[in-house]
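Letter by letter, the chains look like this.
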Amino acid sequence: ARLAMQGFVPEVDFHARQPLYVYAYVPFLALFGGGYAAGRLMPVLATLLAAWVLFLIGRRLWGRAVGMGAALLYLYTPTIFVNAAVVKTEPLVILLTCLGLYGVAAHLQGGRRWPLVLAGASLGAGYYVRESSLAGVLAAGMLLLWAWRDGLRALVRRAGLLGLGYGVVVAGVLLAYARLLP
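### Describing the packing of aromatic side chains
Right, so step 1: Counted according to the given criterion, the structure contains 2 aromatic pairs.
Right, so step 2: Pairing Tyr 21 with Tyr 25 gives two aromatic rings, centres 5.2 Å apart and planes at 80°, and the pair type is edge-to-face. Of this pair, Tyr 21 and Tyr 25 both sit in helix 2 (residues 19-32), 4 residues apart, roughly one helical turn.
Right, so step 3: A residue is classified by how much of its surface remains accessible, and Tyr 21, at 6% relative accessible area, is buried.
Right, so step 4: Relative accessible area serves as the criterion here: at 6%, Tyr 25 is assigned to the buried category.
Right, so step 5: Note on Tyr 127 and Tyr 128: the rings are 5.1 Å apart at their centroids and 85° apart in plane angle, and the pair reads as edge-to-face.
Right, so step 6: Residue Tyr 127 is classed as partly exposed on the basis of its relative accessible area of 25%.
Right, so step 7: Sitting over the ring of Trp 146, Arg 149 keeps its end group 4.8 Å from the ring centre.

### Some details on helix 4 (residues 64-75)
Right, so step 1: When the terminal C-alpha atoms of helix 4 are compared, their 17 Å separation across 12 residues agrees well with the 16 Å that a helix rising 1.5 Å per residue should span.
Right, so step 2: The set of residues buried in helix 4 consists of Gly 67, Ala 71 and Tyr 74. For helix 4, the angular spread of the buried residues around the axis is 65°, confining them to a single face. Turned more than 90 degrees from where helix 4 packs its buried face, Ala 65 and Leu 73 sit exposed.
Right, so step 3: Looking at the buried residues of helix 4, the elements they touch are helix 3 (36-62), helix 5 (78-83) and helix 6 (90-110).

### What about the environment of Ala 84?
Right, so step 1: Its place among the elements puts Ala 84 in the loop between helix 5 and helix 6.
Right, so step 2: Along the chain, Ala 84 and Leu 108 lie 24 residues apart, while their C-alpha atoms are 31 Å from each other.

### Observations regarding helix 8 (residues 134-146)
Each α-helix turn comprises 3.6 residues. Residues three or four places apart therefore point the same way.
Right, so step 1: Here helix 8 is 13 residues long and its end C-alpha atoms lie 18 Å apart, about the 18 Å a rise of 1.5 Å per residue gives.
Right, so step 2: Of all the residues in helix 8, the buried ones are Gly 136, Ala 140 and Leu 144. The buried residues of helix 8 occupy one face: seen down the axis, they fall within an arc of 85°. Exposed positions of helix 8 whose direction lies more than 90 degrees from the buried face are Ala 135, Leu 138 and Trp 146.
Right, so step 3: Here the buried face of helix 8 lies against helix 6, helix 7 (114-127) and helix 9 (152-178).

### Focus on the side chain of Arg 158
Right, so step 1: On the secondary structure map, Arg 158 appears in helix 9.
Right, so step 2: Note on Arg 158: relative accessible area 7%, which makes it buried.

### Side note on the nonpolar core
Right, so step 1: Of all hydrophobic cores here, the largest spans 22 residues; its most connected members are Met 42, Leu 92, Leu 95 and Val 129.
Right, so step 2: Elements represented by at least two residues in this core include exactly helix 2, helix 3, helix 4 and helix 6.
Right, so step 3: In terms of residue count, the dominant contributor to this core is helix 3 (8 residues).
Right, so step 4: Excluding residues within four positions of it along the chain, Val 129 makes contact with Gln 18, Leu 20, Tyr 21, Thr 89, Leu 92, Val 93 and Leu 96.
Right, so step 5: With 10 residues, the next largest nonpolar core counts Ala 140, Leu 161, Leu 162 and Tyr 166 among its residues.

Here is what the cut-offs are and how they apply
Residues numbered from 1 in each chain as written. Predicted model: local features only at pLDDT ≥ 70, side-chain atom pairs only at ≥ 80, totals over all residues. Heavy atoms only, no water. Phe/Tyr/Trp six-rings, centres within 6.5 Å; stacked < 30°, edge-to-face > 60°. Helix = DSSP H or I, 4+ residues; strand = E, 2+ residues; numbered from the N terminus. Buried < 20%, exposed > 50% of the residue type's maximum accessible area, 1.4 Å probe, protein only. Lys NZ or Arg CZ within 6 Å of the ring centre and 35° of its normal. Expected span 1.5 Å × (residues − 1). Arc of directions from axis to C-beta. Contact = heavy atoms within 4.5 Å. Core = buried A, V, L, I, M, F, W, Y, C linked by side-chain atoms within 4.5 Å.

Okay, structure coming up:
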């Protein structure tokens, strides 16, 4: 992230993890300095926000008690507990995946289109944090298939809306990197 703050571009000027992961640290280092603690703020914040989104998912689908249970189980899972204060990609990709799945659930319950587009954007951003986040896209697709009872036209429309959000993120990254081409 320090190299990105100096104007270098991930995967062009230096080898790095996915670009959004690198840039996610920049605001924390800029605001709080380049110390050890500043580097740990983003994963801790992402972990806490992911727990909050899990609470929202659980509450939306099954009620407040289930939402609280989901959030607490997540926070007390040993790997989550350990990774929360370590500079790894997991906390941020979990947050983005949870946001994406919340958007899918909100769309399926409320019928509004914008949560599905935002879900696609969140899942697309997750890819640029960690490639394995494609599992979230698969989960979103499975949820849309689950809603098959609404018919093929609804399934195709929903997949298109999800793809639109995902595609906007991909196009944005491609445009950002296109300026670096000779």
